[in-house]
Amino acid sequence: MGAGLTVADNQNVTHESGASRLCGSIVAAVCLAPLLIIGMCLMLGWNEKRAVCDSKAILAGEREVQLMGCTNPRQWNGALVMMNCDVKKEGLPTFTGEGDFSSLRYTGTGLKVKAEMYQCVESKHTETHKDRSGGGGSTTITTYTYRPEWKEKPIDSTIFEKRYSGNFMQHCGRDNPSWPSGVPQSGTKYAESVNVGAVKTKLVSSIPLETPIGVNTPSGWNGGTSQYRSSKWRVSSSGIGDVRVTFYGNDWAHPAATLLGKNVNGEITAWTAPDSWMCSGSKLQDLRMGSFNKDELFKSLQIESAILTWILRFVGFGILWFAFSLLFAPLEVMADCIPCIGPFLGDSIEAVACGVSCLPATACCSLVVGIVWVAMRPMVGVPLMLFFCVVMVAFFAFGAQSKKRRSFAAVPGPVYGATGAQSGVPVVAVPVQPSRQFQVQVPAGCGPGSVIQVTTPEGTLVHVTVPGGCSEGSFFAVAY
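Before going into details, it helps to say that this report is about the structure given with it. (Residues numbered from 1 in each chain as written. Predicted model: local features only at pLDDT ≥ 70, side-chain atom pairs only at ≥ 80, totals over all residues. Heavy atoms only, no water.)

1. Side note on the environment of Leu104
Next, step 1: Examined against the element boundaries, Leu104 turns out to sit in the loop between strand 4 (94-96) and strand 5 (105-107).
Next, step 2: Counting along the chain gives 109 residues from Leu104 to Ile213, while the straight-line C-alpha distance between them is 9.4 Å.
Next, step 3: Ignoring anything within four residues of it in the chain, the contact list for Leu104 reads Phe95, Thr96, Gly97, Leu111, Ile213, Gly214, Val215 and Phe247. (Helix = DSSP H or I, 4+ residues; strand = E, 2+ residues; numbered from the N terminus. Contact = heavy atoms within 4.5 Å.)

Structure follows, in structure tokens:
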């Protein structure tokens, strides 16, 4: 815990040593990360297989579906059928209310109750800071705050962490009351089956319950045709203990529905698509409110399947990214243990590891998806994998070539006279013509360092310096 740290009465402060952090990071890297990687690879593979099989089932259903009327329950018996008919009230149960609303009677596909009480709610915010002095430890500050909110479940305020803090007293001041017996619990009830046209289906939960239901207002309650409120259980001036209730049913003003499935003696069940390569037992069944034609319905099914596929892909990729980043966690903690610069070095390693982890996560995700597509749809998957391989080969080849060019550029060449590094002037490389040589004899009276005038074979006069080691009468080569 750092010096001078002030702790409020709604805060908890905990410290974790560097050794504990290191052990936890090693366990995460060795145990958790591999499990997440394997699990996400399996999930991604299953998701791609499901997507392909669902797509094949939808296409097969679109080819085989028969349009059915609303009067004859045995029309197209045994076949995949589609119909646009009204939801019927006949045969549906009558749902009753609870508590103060026991007089409620509603006949429909279901009854949804949304009951809420204004209660004190505990929120927790956690901040973790590394020990800047080194050692690899960290300090965690947990702040608890309180405020009244509408909640559908009872909240026991007696187990709040900072129940006697100033924040609790200021915003709540009182414990939450127990859930009153006169207030019904939130929940949804459905009929076992519903008639659509002349047939029956068990896809009752597909019919939305979003239409408010009116009921006789009980004593001690107030409200209109949708929401009912009561303050008779209030325990504080802040409104804690107030309750409100709303009832919902299906929309009988718009009963039109579109039903898809296999007709089995007047009951619509799931239709099993024909088996295909690596796809077996794919089922098709759907109920949605509104009238849709064949093209609209099957296009919606394809879009919904594709949306689910992409959601699971992003979830799998995100968890893979997190799992690969866990493999670098011990490096970050070990860097944090270095005195003074450790925390800054650890933060840098964490940032780099986050970016680097994206590469194996992308490769792993792409590989799993590609393998499944190659196995299930070779005509599409094989070209994609070949393209992926060509891109990867080109990428590595480009990297190797760039490295080779850099290594050649780093090799120094011969330098004559004053260099740029010595004189402070950049050296510019220029092409040099091949030189020619001729032999010169040192004249009498001359020696090393003497400047003499000689004539080239072409008749040009030049001045040359006698090199070291040459005495009177000896010969040396002169380039020109």
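2. Things to note about the packing of helix 1 (residues 18-64) against helix 4 (residues 329-336)
Next, step 1: Helix 4 packs onto helix 1 with a crossing angle of 165 degrees between their chain directions and a minimal axis gap of 8 Å. Judged by the inter-axis angle, helix 1 sits roughly antiparallel to helix 4. For the pair helix 1 and helix 4, the crossing hand works out as left-handed. On helix 4, the residues that touch Gly18, Arg21, Leu22, Ser25, Ile26 and Ala29 of helix 1 are Ala329, Pro330, Glu332, Val333, Met334 and Asp336.
Next, step 2: Taken together, the residues that form the contact of helix 1 with helix 4 break down as seven nonpolar, two polar and three charged. (Axes fitted to C-alpha atoms, helices over the stretch in contact; angles between N-to-C directions. Parallel < 35°, antiparallel > 145°, perpendicular 65-115°, else oblique. Left-handed = near helix turned anticlockwise from the far one by under 90°. Nonpolar A, V, L, I, M, F, W, Y, C, P; charged D, E, K, R; others polar.)

3. Examining a nonpolar patch on the surface
Next, step 1: Together, Ile303, Ile307, Ile311 and Val315 make up an exposed nonpolar region whose accessible area comes to about 340 Å².
Next, step 2: With relative accessibility at 47%, the residue Ile311 sits in the partly exposed group. (Patch = residues over 30% accessible without salt bridge, like charges linked within 9 Å, V, L, I, M, F, W, Y side chains within 5 Å. Areas by Shrake-Rupley, 256 points an atom, 1.4 Å probe, with all protein chains shown as cover. Salt bridge = Lys/Arg side-chain N within 4 Å of Asp/Glu carboxyl O. Buried < 20%, exposed > 50% of the residue type's maximum accessible area, 1.4 Å probe, protein only.)

4. Considerations on the packing of aromatic side chains
Next, step 1: Overall, the coordinates contain ten aromatic pairs when judged by the stated rule.
Next, step 2: Here Phe101 and Phe247 contribute two aromatic rings whose centre-to-centre distance is 5.1 Å and whose plane-to-plane angle is 65 degrees, an arrangement assigned as edge-to-face. Taken together, the positions of Phe101 in the loop between strand 4 and strand 5 and Phe247 in strand 14 (residues 243-249) put the pair 146 residues apart, joining distant regions of the chain. Both residues of the pair, Phe101 and Phe247, count as buried.
Next, step 3: An aromatic cluster is present here, built from Phe101, Trp221, Tyr228, Trp233 and Phe247 joined pairwise through their rings.
Next, step 4: Of note, Arg244 hangs over the ring of Trp150, and the distance from its end group to the ring centre comes to 4.2 Å.
Next, step 5: One Lys or Arg, Arg313, reaches over the ring of Trp310 and ends 4.5 Å from the middle of that ring. (Phe/Tyr/Trp six-rings, centres within 6.5 Å; stacked < 30°, edge-to-face > 60°. Lys NZ or Arg CZ within 6 Å of the ring centre and 35° of its normal.)

5. Notes on the environment of Ser133
Next, step 1: In this structure, Ser133 sits in the loop between strand 6 (110-130) and strand 7 (138-151).
Next, step 2: We classify Ser133 as exposed; its relative accessible area is 61%.
Next, step 3: Taking the C-alpha atoms as reference, Ser133 lies 8.9 Å from Cys337; in sequence the two are 204 residues apart.
Next, step 4: The residues contacting Ser133, other than those within four sequence positions of it, are Pro339 and Cys340.

6. Thoughts on the pattern of salt bridges
Once their charged atoms are close, side chains differing in charge can pair, the charge on each being opposite to the other.
Next, step 1: In the structure shown here, the tally under the stated rule is 15 salt bridges.
Next, step 2: Where Glu304 meets Arg288, a salt bridge forms, and the shortest distance between an N and an O atom there is 3.0 Å. Of the two residues, Glu304 sits in helix 3 (residues 294-326) while Arg288 sits in strand 19 (residues 286-289), which places them 16 residues apart along the sequence.
Next, step 3: Among the charged side chains, a salt-bridge network with shared partners connects Arg21, Lys130, Glu332, Asp336 and Asp347.

7. Brief notes about the side chain of Ser357
Next, step 1: Position of Ser357 among the secondary structure elements: in helix 5 (residues 342-376).
Next, step 2: Accessibility expressed as a relative area gives 0% for Ser357, which makes it buried.
Next, step 3: Only 3.3 Å separates the side chain of Ser357 from the backbone nitrogen of Ser325, close enough to count as a polar contact.
Next, step 4: In this structure, Ser357 is in contact with Trp321, Phe324, Ser325 and Phe328, ignoring residues within four places of it in sequence. (Polar contact = N/O pair within 3.5 Å; in protein donor to acceptor, adjacent residues only side chain to side chain.)

8. Examining the packing of helix 1 against helix 3
Next, step 1: Direction vectors running N to C along helix 1 and helix 3 enclose 170 degrees, while the axes themselves pass 8 Å from each other. It follows from the interaxial angle that helix 1 and helix 3 lie roughly antiparallel. Remark: the crossing between helix 1 and helix 3 carries left-handed chirality.
Next, step 2: Residues belonging to the contact of helix 1 with helix 3 are distributed by class as follows: 23 nonpolar, eight polar and seven charged.

9. With respect to the state of the cysteines
Next, step 1: Evaluation of the coordinates by the stated rule reveals three disulfides.
Next, step 2: Shown here is the disulfide that connects Cys53 with Cys279, its sulfur atoms set 2.1 Å apart. Judged by the sign of its S-S torsion, about -90 degrees, the cystine formed by Cys53 and Cys279 is left-handed. Separated by 226 residues along the polypeptide, Cys53 in helix 1 and Cys279 in the loop between strand 17 (271-272) and strand 18 (283-284) bring together distant segments of the chain. For the pair Cys53 and Cys279, one class covers both residues: buried.
Next, step 3: The disulfide partner of Cys70 is Cys85, and the S-S distance across this bridge is 1.9 Å. An S-S torsion of about -95 degrees defines the bridge between Cys70 and Cys85 as left-handed. Of the two residues, Cys70 sits in the loop between strand 2 (66-67) and strand 3 (80-86) while Cys85 sits in strand 3, which places them 15 residues apart along the sequence.
Next, step 4: Taking the relative accessible area as the measure of exposure, Cys70 reaches 33% and is therefore partly exposed.
Next, step 5: The class for Cys85 is buried, based on a relative accessible area of 3%.
Next, step 6: Each disulfide in the chain links cysteines that, numbered along the sequence, combine into the pattern 1-6, 2-3, 4-5. (Disulfide = S-S within 2.5 Å.)

10. Structural notes on the pairing of strand 22 (residues 461-465)
Next, step 1: The pairing of strand 21 (residues 451-455) with strand 22 spans five bridges and is antiparallel. Its bridge partner lying in strand 22, Gln453 is registered against His463.
Next, step 2: A loop of five residues connects strand 21 with strand 22, the two strands running antiparallel in sequence, and Gly459 in this loop sits at a positive phi of about 95 degrees. (Pairing = 2+ DSSP bridges.)

11. A closer look at the environment of Met376
Next, step 1: Tracing the backbone through its elements, the reader meets Met376 in helix 5.
Next, step 2: Classification of Met376 as buried rests on a relative accessible area of 4%.
Next, step 3: Spatially, the C-alpha atom of Met376 lies 29 Å from that of Phe322, the residues being 54 residues apart in sequence.
Next, step 4: Once you skip the residues sitting within four places of it in the chain, Met376 turns out to touch Lys49, Val52, Cys53, Lys56, Trp277, Met278 and Cys279.

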